[in-house]
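Observations on the three-dimensional arrangement
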Amino acid sequence: MRYDVVVIGSGLGGLICARQLARSGRSVVVLERQQQAGGCLQSYRRGEFEFDTGLHYVGGLAEGQPLHEAFETLGLLKLPWHRLDPEGFDQVTIGRQTFPLAEGFDRFADTLSGYFPQEHKALHEFADLLRHLPSMEDSCQVNAYDYLTSHFRDPLLVNVISAAAMRMELKRETLPLFSLVHGLSSYVQSSWRLRGSGNMIVNSLVDDIKAAGGELYCKTEVKRLEDEGNKIVAAHCLNGKIFEGRLFISDVHPQLTFSWLKDSSLLKRLFHRRINALENTFGMFTVSLVLTPNVLPYFNHNKYVYRKANVWTFHEDVGGVGGIMVSARVPEDGTAYVRQIDLLTPMSWESWEHWSNTNVGRRGQIYELQKERIADECIRLAERVIPGLAAMVEKRYVSTPLTWRDYTLSPSGTVFGVRKDCRNPLLTMLSPKTPISNLFLTGQSLVLHGLEGVTKTAFNTLAAIDNRNQQQN
């Protein structure tokens, strides 16, 4: 089987690239190791309920905002998007105090100024930074924590502004200002949830790929990339199938991608060492809850809850779970009550490394007990903002960084891919182009995390492919 384009991995980046290339007239095939497409975007079913894995909300979908044009191009604006509360799309609770993050740059600054009046000027200056967004060249070498602590005098305000950045990993030593402001800006412009599961996005893109003549093969795991001359010529899969192609795009972690070429003469040993030495972001511990009907009214915002004012170091707290994100599913049954809630907290691989050689469902009693203990801690922390939550729970489902590792093959169960490091941005912000002329990368390990970041990266990958074709023609 020979194609113009072979896309490995069916996460958002891979599906976007496949859709656009298929619609341009190329023969395209997507290879996915799991039973369904979607990667971190997919949802899973337990009984009558669907649960999302990586998608909880997205920013900048209104007209003229960062994702509007891209989603219009991709046919995704037709999905049932639900706008979050403009007066506080995120509610940040630190200790016993709660602060709303409001929509709109000026409103964002003015609302927080009501709690921190002495920081009014600094907040509007920060809002201008979010509005105009510094270039990568200007801000990728600036440490986000250092910038915030030098710009704001009140340490509590630094924690409030940083709290929602849990979705990109807060690491004080490494996080670039570029990542922080790009990760926050679009949500301040407007924040949205799907009225339904992330599989809506996946299915829409897959349907478009197939309508354009593209193909998708699930349960088809790549084990080796074959090279000939100075190019990749085929992807060999564990099921024995071989997919030949003129162009290859990998939407899986770069460390895994280049492991398929470890015996190739096209890549130097120094390159392999550099890629394998890259640090990865934390994994995620998730508690997905089904609640008793008609008990908890729907809340149209996300809740970020921290036990103490240590947002940048809460993951180091040995006293238990130090911070969580609480996300409510938009009711789909016509009622005003929540049936599903997700509690998420970043967690290091070291907490679960003992079971790294085990598989899902076969990790043993101690592992299960640790999962349940941490899930209980997450619920107790959530009860600071949802009193009596534990008594509302009908069922719960728990996943750990090991779960992410097993389903996505992400090293160390990383949720956000390669860690961006302001001390060495040239090595940690990867290009779509590789040393092999017909192999390209896409996905969240390249420059920006999250749905917006992956979407932008996918279009950057497509632009790099167009530049290559123009140079050859």
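Everything that follows concerns the structure shown earlier in this document.
Residues numbered from 1 in each chain as written. Predicted model: local features only at pLDDT ≥ 70, side-chain atom pairs only at ≥ 80, totals over all residues. Heavy atoms only, no water.

Details of the overall build of the protein
- Helix and strand content of the protein: 16 helices and 19 strands.
- Against the 2.2 N^0.38 benchmark of 23 Å for 473 residues, the protein shows a C-alpha radius of gyration of 22 Å, consistent with a compact globule.
- Reported as C-alpha extents along the three principal axes, the dimensions of the protein are approximately 65 × 50 × 45 Å.
- Contacts spanning at least 24 positions in sequence make up 72% of the contacts within the protein whose residues lie at least 6 apart.
- Element-wise, carbon and sulfur atoms account for 48% of the exposed surface of the protein, whose accessible area totals about 19500 Å². (Helix = DSSP H or I, 4+ residues; strand = E, 2+ residues; numbered from the N terminus. Rg over C-alpha atoms; globule rule 2.2 N^0.38 Å. Contact = heavy atoms within 4.5 Å. Areas by Shrake-Rupley, 256 points an atom, 1.4 Å probe, with all protein chains shown as cover.)

A look at the sheet that holds strand β5 (residues 58–59)
- Taken together, the three strands give an open sheet; going across it, the order is β5-β9-β6, and neighbouring strands pair in antiparallel fashion. Strand pairing shows two members of the sheet lacking a second neighbour, β5 and β6 (81–83), which therefore form its edges.
- One ladder, built from two bridges, connects β5 with strand β9 (residues 191–194); its direction is antiparallel. Across the sheet, Gly59 pairs through a bridge with Ser191, a residue of β9. (Pairing = 2+ DSSP bridges.)

Section: empty space enclosed by the protein
- What the rule picks out here adds up to five cavities of 30 Å³ or more.
- Approximately 180 Å³ is the volume found for the second largest cavity.
- Forming the walls of the second largest cavity are 16 residues, and the residues nearest its centre are Asp52, Leu55, His56, Ser327 and Arg329.
- If you list the elements that add at least two residues to the lining of the second largest cavity, you get β4 (49–52), β9, β16 (323–328) and β17 (340–347).
- Broken down by element, the residue count for the lining of the second largest cavity peaks at three residues, all from β17.
- Broken down by class, the residue content of the lining of the second largest cavity amounts to six nonpolar, six polar and four charged. (1 Å grid on protein atoms, 1.4 Å probe; cavity = no way out; pocket = protein on both sides within 12 Å on 5 of 7 lines; lining within 4 Å. Points joined across faces, edges and corners; volume = space filled by probe spheres on them. Nonpolar A, V, L, I, M, F, W, Y, C, P; charged D, E, K, R; others polar.)

Focus: the state of the cysteines
- One pass over the structure, following the stated rule, counts zero disulfides.
- Among the cysteines around Cys422, which has no disulfide bond, Cys140 carries the closest sulfur, lying 9.0 Å off.
- We classify Cys422 as buried; its relative accessible area is 6%. (Disulfide = S-S within 2.5 Å. Buried < 20%, exposed > 50% of the residue type's maximum accessible area, 1.4 Å probe, protein only.)

Observations regarding the packing of helix α4 (residues 120–132) against helix α6 (residues 144–151)
- Their axes nearest at 11 Å, the elements α4 and α6 cross at an angle of 145°. Counting all contacts with α4, which are made through Ala122, Glu125, Phe126 and Leu129, the residues of α6 involved are Tyr147, Leu148 and His151. (Axes fitted to C-alpha atoms, helices over the stretch in contact; angles between N-to-C directions.)

Here's the deal with helix α9 (residues 199–211)
- Taking 1.5 Å per residue as the helical rise, α9 with its 13 residues ought to reach 18 Å, and the 18 Å between its terminal C-alpha atoms agrees with that figure.
- Within α9, the full set of buried residues consists of Asn199, Ile201, Val202, Ser204, Leu205, Val206, Asp208 and Ile209.
- Downstream of α9 by a residue or two, Gly213 has a phi angle that is positive, lying close to 95°. (Expected span 1.5 Å × (residues − 1).)

Observations regarding the packing of aromatic side chains
- The tally for this structure, following the rule as stated, stands at 16 aromatic pairs.
- Centroid distance Phe71 to Trp81: 5.9 Å. Interplanar angle 45°. Geometry classified as tilted. Taken together, the residues span a long stretch of sequence, with Phe71 in helix α2 (residues 68–73) and Trp81 in strand β6 at a distance of ten residues. For the pair formed by Phe71 and Trp81, the shared burial category is buried.
- Ring geometry for Trp352 against Tyr367: centres 5.5 Å apart, planes inclined by 75°, an arrangement best described as edge-to-face. Placement of Trp352 in the loop between β17 and α12 (365–382) and of Tyr367 in helix α12 is noted, with a sequence separation of 15 residues between them.
- Residue class for Tyr367 comes out buried when judged on its relative accessible area of 2%.
- By the ring-pair criterion, three or more aromatic residues cluster together here, those being Phe285, Trp352, Trp355 and Tyr367.
- Over the ring of Tyr145 we find Arg172, and its NZ or CZ is 5.3 Å from the ring centre.
- When the ring centre of Phe282 is taken as reference, the NZ or CZ atom of Arg419 above it lies at 5.6 Å. (Phe/Tyr/Trp six-rings, centres within 6.5 Å; stacked < 30°, edge-to-face > 60°. Lys NZ or Arg CZ within 6 Å of the ring centre and 35° of its normal.)

Details of the sheet that holds strand β8 (residues 97–101)
- Ordered by their spatial adjacency, seven strands build an open sheet running β8-β7-β15-β16-β17-β14-β18, and the pairing between neighbours is mixed. Each having just a single partner strand, β8 and β18 (393–399) make up the two edges of the open sheet. Strand-to-strand twist across the sheet, computed as the mean angle between neighbouring axes with direction ignored, equals 20°.
- Pairing between strand β15 (residues 302–306) and β16: four bridges, direction antiparallel. Looking at β16, one finds that Tyr304 is bridged to Met325.
- Against the sheet, helix α14 (residues 401–408) touches β14 (283–291), β17 and β18, its axis set at about 100° to β14.

Here we look at the packing of α4 against helix α8 (residues 177–189)
- One way to put it is that α4 packs onto α8 with a least axis distance of 8 Å and a crossing angle of 85°. Judged by the angle between their axes, α4 and α8 are roughly perpendicular. Two secondary-structure elements touch here, α4 through Phe126, Leu129 and Leu130 and α8 through Leu177, Val181, Leu184, Ser185 and Val188. (Parallel < 35°, antiparallel > 145°, perpendicular 65-115°, else oblique.)

As for the side chain of Thr345
- Assignment of secondary structure puts Thr345 in strand β17.
- Thr345 sits in the buried class, given a relative accessible area of 2%.
- In terms of polar contacts, Thr345 uses its side chain to reach the backbone carbonyl oxygen of Gly323, at 2.7 Å.
- Sequence-distant contacts of Thr345, that is, excluding residues within four places in its chain, are made with Gly283, Met284, Phe285, Phe314, Val321, Gly323, Ile324 and Cys378. (Polar contact = N/O pair within 3.5 Å; in protein donor to acceptor, adjacent residues only side chain to side chain.)

That's the geometry; what it means functionally is another story.
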